[in-house]
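Listed below, chain by chain, are the residues.
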Amino acid sequence: MFFLVGIFLAVFLLLLLLLKKNKSEADIVLAIWLFLIMVNQLFNYLQVTGDLFNYPHLLGVDFPFPVLNGVFLFFYAMTVTGNNFKRKWFVGIHLLPALSLVILAIPFYMLSAEEKVFVFENDGKGFEWYVIYSNTLIPLSGFVYAVWTLLLIRGHRVKIQKNFSNTDKKELQWLMYLSLGLIVIWLVAIFFDNIVIYSAVALFVLFIGFFGINQLNIFNTFQDESPTASSPKTTQKKRKTNKSLIAPSKRYAKSGLNEEMASQIYTRLNEAMSKSTLYKNENLTLTELAKFLKVHPNHLSQVINESEGKNFYNYVNSIRIKEFIALASQPENKKYTMISLAYDVGFGTKSTFNKHFKANTGKTPTEFFDTTPVDS
């Protein structure tokens, strides 16, 4: 039963993905991954029921499939975080473990149908060395790629905080849990029987499909640069040809900025955030703000980091907290709930608001206003 659940879930979710409009590269990787899981589960089911032995020419076809789970977890994490595969050899390198399982199994593939069945029915007799290699490579590869994916997600979270003021649904918490889940499945495979393993796989597939299909394309707007903003290379060329420009200081040397340019950007930034209230845009991005200021996103990011000691994410949300406190302190706003005022200043969720309020004031909103005098 549990075998079939995993297969049907994979088929159903694969069909949903194939019918999805405007599929991203991440969706394509996810579809391939679900297909491989479906085929692997089908082979496992046929082997346990004994039906696979009626088709001995299929024995061993699925040898490389289990090792691909960790690989495609990593591939999916790469694409969903905006790290596209620009070089084909990069993909090829990661497929080498699976390829090794195929190449080393060539002697088995050359056996007659009766000999293949004999090997399977006798726990790999004559190919004990291959069983040891496979049983070592598969969990080791799964563990390595799961950890690698966790590190990739960690780097991704740093990246999005440099470019987004709202990271809700972008932190890939579910993908982190999925990586941990893959580790758990390999541990389960060591200590438990097939029923428990395939129950875990069925849940794993359901988790992949539900969250993967609904995962938004995180960097669909971030990589668009402002047509009016000068790129670092353009800025450097202008600096070389215009002797009147001030030479860049050491801290701005790599980006082409100088103290005067940075000061001008910072002044314009403060004016924009106070007069145009851009921070009230829940999904304000670094690129959008840079377009408004007509500067390059990299320059703006560096100015915020140097002048405020914060990344873009924390900078914008600290401004939102200040504005919230100002609004909530006004007697005429006491008729509104705190969360409604938080939404007004640009927060998208209560949890995000509470997190940043605590980070900026050291107190919860209730604690803060219970101890802070209200302007009369």
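Note that the structure is predicted; figures quoted are calculated from it, not measured.

### With respect to the packing of aromatic side chains
- Within the structure shown, the criterion is met by 23 aromatic pairs.
- Both rings, one in Phe-63 and one in Phe-120, keep their centres 6.2 Å apart while their planes meet at 5 degrees; by these two values the pair is stacked. Separated by 57 residues along the polypeptide, Phe-63 in the loop between helix 2 (25-49) and helix 3 (68-80) and Phe-120 in helix 7 (residues 113-121) bring together distant segments of the chain.
- With relative accessibility at 18%, the residue Phe-63 sits in the buried group.
- Both rings, one in Phe-324 and one in Phe-357, keep their centres 5.8 Å apart while their planes meet at 90 degrees; by these two values the pair is edge-to-face. Taken together, the residues span a long stretch of sequence, with Phe-324 in helix 15 (residues 312-328) and Phe-357 in helix 17 (residues 350-361) at a distance of 33 residues.
- With a relative accessible area of 0%, Phe-324 lands in the buried category.
- An aromatic cluster is built from Phe-53, Phe-63, Phe-108, Tyr-109, Phe-120, Phe-127, Trp-129 and Tyr-130, whose rings are joined through pairwise contacts.
- The ring centre of Phe-347 lies 5.9 Å from the NZ or CZ of Arg-320, which sits over that ring.

### A look at the confidence of the model for the protein
- Taken residue by residue, the protein gives an average pLDDT of 82. The fraction at 70 or more is 82%.
- Here residues 220-249 is a poorly scored stretch, pLDDT under 50, and it has 45 contacts once near neighbours within four places are set aside; other chains count.

### A short note on the packing of helix 15 against helix 17
- Where helix 15 contacts helix 17, the axes come no closer than 10 Å and their chain directions differ by 90 degrees. Our classification of the angle between helix 15 and helix 17 gives roughly perpendicular. Residues Tyr-313, Asn-314, Asn-317, Ser-318, Ile-321, Phe-324 and Ile-325 of helix 15 form the contact with helix 17, whose own contacting residues are Thr-352, Phe-353, Lys-355, His-356, Phe-357, Asn-360 and Thr-361.
- The residue makeup of the contact of helix 15 with helix 17, split by class, is six nonpolar, seven polar and one charged.

### Quick word on the environment of Phe-143
- Among the structural elements, Phe-143 can be located in helix 8 (residues 128-163).
- Distance in space between the C-alpha atoms of Phe-143 and Leu-182 is 7.6 Å, their sequence separation being 39 residues.

### Quick notes on a nonpolar patch on the surface
- On the surface, Trp-89, Ile-93, Leu-96, Leu-99, Val-102, Ile-103, Ile-106 and Met-110 cluster together to form a nonpolar patch covering roughly 800 Å² of accessible area.
- Listed by contribution, the elements that provide at least two residues to the nonpolar patch are helix 4 (88-94) and helix 5 (96-104).
- It is helix 5 that provides the largest number of residues to the nonpolar patch, a total of four residues.
- For Leu-96, the position within the fold is in helix 5.

### Thoughts on the layout of surface pockets
- Approximately 1300 Å³ is the volume found for the largest pocket.
- Lining of the largest pocket is provided by 37 residues; of these, Asn-44, Pro-66, Ser-134, Asn-135 and Ile-138 occupy positions nearest its centre.
- Of all the secondary-structure elements, those providing two or more residues to the lining of the largest pocket are helix 2, helix 3, helix 7, helix 8, helix 9 (173-191) and helix 10 (194-214).
- Ranked by the residues each element gives to the lining of the largest pocket, the list is headed by helix 2, at eight residues.
- The residue inventory of the lining of the largest pocket, partitioned by class, reads 25 nonpolar, nine polar and three charged.

### Side note on the environment of Glu-121
- Mapped onto the elements of the fold, Glu-121 is located in helix 7.
- Judged by relative accessible area, which is 53%, Glu-121 ranks as exposed.

### Some remarks on the nonpolar core
- Of all hydrophobic cores here, the largest spans 58 residues; its most connected members are Trp-33, Leu-34, Tyr-76, Leu-175, Leu-178, Phe-204 and Ile-208.
- Among the secondary structure elements, those contributing two or more residues to this core are helix 1 (2-19), helix 2, helix 3, helix 5, helix 7, helix 8, helix 9 and helix 10.
- Leaving out residues up to four positions away in the same chain, Leu-178 has contacts with Trp-33, Leu-73, Phe-204, Phe-207 and Ile-208.
- Formed by 21 residues, the second largest nonpolar core is a distinct cluster that contains Leu-257, Leu-269, Tyr-279 and Phe-312.

### Digging into the packing of helix 3 against helix 9
- Between helix 3 and helix 9, the shortest axis-to-axis distance is 11 Å and the interhelical angle comes to 170 degrees. With respect to each other, helix 3 and helix 9 are oriented roughly antiparallel. Residues Asn-69, Gly-70, Leu-73, Tyr-76, Ala-77 and Val-80 of helix 3 form the contact with helix 9, whose own contacting residues are Trp-174, Leu-175, Leu-178, Ser-179 and Leu-182.
- For the contact of helix 3 with helix 9, a count of residues per class yields eight nonpolar, three polar and no charged.

How each quantity is defined
- Residues numbered from 1 in each chain as written.
- Predicted model: local features only at pLDDT ≥ 70, side-chain atom pairs only at ≥ 80, totals over all residues.
- Heavy atoms only, no water.
- Phe/Tyr/Trp six-rings, centres within 6.5 Å; stacked < 30°, edge-to-face > 60°.
- Helix = DSSP H or I, 4+ residues; strand = E, 2+ residues; numbered from the N terminus.
- Buried < 20%, exposed > 50% of the residue type's maximum accessible area, 1.4 Å probe, protein only.
- Lys NZ or Arg CZ within 6 Å of the ring centre and 35° of its normal.
- pLDDT = per-residue confidence, 0-100.
- Contact = heavy atoms within 4.5 Å.
- Axes fitted to C-alpha atoms, helices over the stretch in contact; angles between N-to-C directions.
- Parallel < 35°, antiparallel > 145°, perpendicular 65-115°, else oblique.
- Nonpolar A, V, L, I, M, F, W, Y, C, P; charged D, E, K, R; others polar.
- Patch = residues over 30% accessible without salt bridge, like charges linked within 9 Å, V, L, I, M, F, W, Y side chains within 5 Å.
- Areas by Shrake-Rupley, 256 points an atom, 1.4 Å probe, with all protein chains shown as cover.
- Salt bridge = Lys/Arg side-chain N within 4 Å of Asp/Glu carboxyl O.
- 1 Å grid on protein atoms, 1.4 Å probe; cavity = no way out; pocket = protein on both sides within 12 Å on 5 of 7 lines; lining within 4 Å.
- Points joined across faces, edges and corners; volume = space filled by probe spheres on them.
- Core = buried A, V, L, I, M, F, W, Y, C linked by side-chain atoms within 4.5 Å.

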